[in-house]
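# Examination of the molecular architecture
Listed below are the residues making up each chain.
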Amino acid sequence: MPDQTAPTFPQSGGCQCGAIRYELREAPFGVWACHCNLCRKQSGSAFGLSMGVGLDTLVFTQGEPATWTRTAESGHVLDCLFCPDCGSRLIHRRHEHGGRQTLKPGTLDDTSWVVPGRHIFTEFALDWVKPLIHEE
Ligand SMILES: [Zn+2]
Ligand SMILES: [Zn+2]
């Protein structure tokens, strides 16, 4: 049986309509779930998932994402990359610290190995989600 926690790279992914395709060429730094209201708004779901990936390890192989820039309450400026056709959010990239970025890992073609090792802003988690939260 293949080890689902250690996939081989590159891993491919893309937006919902298929206009944007990318390759993740190296292992990510980690995966976390954020239960804040902004991540709920962004994802349209119960929480947001983020995967820390190196700037040069995520390569677009088809299409060109559009960018919406927002300033967080903390003052951090964040580029939010999304498909201009279907609107799927793909990447969040911070201007500070040499441009750290996170991938929205639900856009990977194979999500079987995507498991959050950390949960943040759990005090805002939906009541039905709280029993499902267990950290590594
Ligand atoms: Zn699309
Ligand atoms: Zn959040």
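Rules used throughout
- Residues numbered from 1 in each chain as written.
- Chains lettered and ligands numbered in written order.
- Predicted model: local features only at pLDDT ≥ 70, side-chain atom pairs only at ≥ 80, totals over all residues.
- Heavy atoms only, no water.
- UniProt positions renumbered as here; feature names shortened; annotations may be inferred.
- Donors = N, O, S within 2.8 Å, 3.2 Å for Na, K, Ca; no water.
- Tetrahedral: all angles 85-135°; square planar, octahedral: opposite > 155°, others 65-115°.
- Helix = DSSP H or I, 4+ residues; strand = E, 2+ residues; numbered from the N terminus.
- Buried < 20%, exposed > 50% of the residue type's maximum accessible area, 1.4 Å probe, protein only.
- Phe/Tyr/Trp six-rings, centres within 6.5 Å; stacked < 30°, edge-to-face > 60°.

The protein chain is annotated in an unreviewed UniProt entry as GFA family protein of Sphingobium nicotianae. Comment text from UniProt for the protein chain, heading Sequence similarities (unreviewed entry), reads "Belongs to the Gfa family."

Moving on, we come to the coordination of the zinc ion (ligand 1). The zinc ion (ligand 1) binds to the protein through Cys15 (SG), Cys17 (SG), Cys83 (SG) and Cys86 (SG), with metal-donor distances spanning 2.3 to 2.4 Å. Taken together, the 4 donor atoms coordinating the zinc ion (ligand 1) span angles of 105 to 113° at the metal, a pattern that classifies the geometry as tetrahedral. Counting the intervening residues between successive donors of the zinc ion (ligand 1) yields the motif C-x1-C-x65-C-x2-C. One end of the pair, Cys17, is in the loop between β1 (11-14) and β2 (21-24); the other, Cys83, is in the loop between β7 (77-82) and β8 (89-94), with 66 residues separating them in the sequence. Judged by its relative accessible area of 44%, Cys17 falls in the partly exposed class.

Following the criterion strictly, the structure yields 2 aromatic pairs and no others. Taking the centre distance of 5.9 Å and the plane angle of 90° together, the rings of Phe9 and Trp113 count as edge-to-face. Of this pair, Phe9 sits in the segment before β1 while Trp113 sits in the loop between β9 (101-103) and β10 (118-120), placing them 104 residues apart in sequence. Judged by its relative accessible area of 26%, Phe9 is partly exposed. Classification of Trp113 as buried rests on a relative accessible area of 9%.

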